[in-house]
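Read off the chains here:
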Amino acid sequence: DHDERRPRGGPTDEGYPPCEPVAGPTHTLDARPLVSFGLPVRNGAATIAQTIESILAQTLEDWELVISDNLSADGTSEICASFAARDQRVRHVPTGRDLTQNENFIEAFRLARGTFFRWYGDDDWMEPTYAERVVAAMDDCPKAVLCTTVQIGQDWFDEDHIVVDCEGHIVVQSRQLAMVPAAQ
């Protein structure tokens, strides 16, 4: 059971069908979102609200945020539940038991329903056009099954774009590492 806009598991005999553009929010509780963000968290209250706000600000609105909350005891659960109450695309799922960090990442992925998936840290932030641009990049290369993106640090950026087809072959690869001048 998956979104027919993008088959999983490789090409069919007919090849990949064209992806349909997303025109505004189409997500309902029963619909499959185009993009799933999986956010495993434990005690992330200091940064989680800003993290969730950056997902809410996405220009592509057909997404879900799955928060796998691993027994947070610092107010994280209340913050996440508040966002979930305001936006049905946000799903706050307390684990109910103590998971390892790896198990919590797996749980966030397991709960996701989207055609595309991205793990998201409790202290991450995205540009508002992030999801829209990544989905467009994937649509531009129909055989692609993986796309990586830019990570920007305080005084550096590491740009590593790799698109891999369903057979594991690199279709597109570029790499740029540069130092960002310090603020004066």
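One structure accompanies this document, and this report is about it. A quick note: this is a predicted structure, and the numbers were derived from the prediction, not measured. (Residues numbered from 1 in each chain as written. Predicted model: local features only at pLDDT ≥ 70, side-chain atom pairs only at ≥ 80, totals over all residues. Heavy atoms only, no water.)

Within the protein, the secondary structure is distributed over four helices and eight strands. From first element to last, N terminus to C terminus, the protein shows the α and β order β-α-β-α-β-α-β-α-β-β-β-β. Looking at the protein as a whole, 36% of its 184 residues are labelled buried. Taking contacts inside the protein between residues at least 6 apart in sequence as the whole, the part at least 24 apart equals 65%. (Helix = DSSP H or I, 4+ residues; strand = E, 2+ residues; numbered from the N terminus. Buried < 20%, exposed > 50% of the residue type's maximum accessible area, 1.4 Å probe, protein only. Contact = heavy atoms within 4.5 Å.)

When strand β2 (residues 63-69) meets strand β3 (residues 90-94), the two strands line up parallel, connected through five bridges. Bridging across to β3, Ile67 finds its partner in His92. For the segment spanning β2, helix α2 (residues 76-86) and β3, crossover handedness is right-handed. (Pairing = 2+ DSSP bridges. Right-handed = clockwise from strand over helix to strand, strands pointing away.)

Taken together, four strands build an open sheet; the order of strands is β3-β2-β1-β4 and the sheet is parallel. Two strands lie at the open edges of the sheet, namely β3 and β4 (116-119), each paired on one side alone. Across the sheet, the mean angle from the axis of one strand to that of its neighbour is 20 degrees, orientation sign disregarded. Both strand β1 (residues 35-41) and β2 contribute to a ladder of seven bridges, which runs parallel. Bridge pairing in β2 links Pro40 to Ser68. (Axes fitted to C-alpha atoms, helices over the stretch in contact; angles between N-to-C directions.)

With that out of the way, let us pick up the pattern of salt bridges. Enumeration over the complete set of coordinates arrives at five salt bridges. Note that Arg89 and Asp87 form a salt bridge whose closest N and O atoms lie 2.8 Å from each other. Overall, the relative accessible area of 12% leaves Arg89 in the buried class. Through salt bridges that share partners, Glu64, Arg91 and Arg113 make up one connected network. (Salt bridge = Lys/Arg side-chain N within 4 Å of Asp/Glu carboxyl O.)

On to helix α1 (residues 48-56), then. Taken together, the buried positions of α1 are occupied by Ile48, Thr51, Ile52, Ser54 and Ile55. Projected onto a plane normal to the axis of α1, the buried residues spread over an arc of 155 degrees and lie on a single side. If you follow the buried residues of α1, they end up packed against β1, β2 and α2. (Arc of directions from axis to C-beta.)

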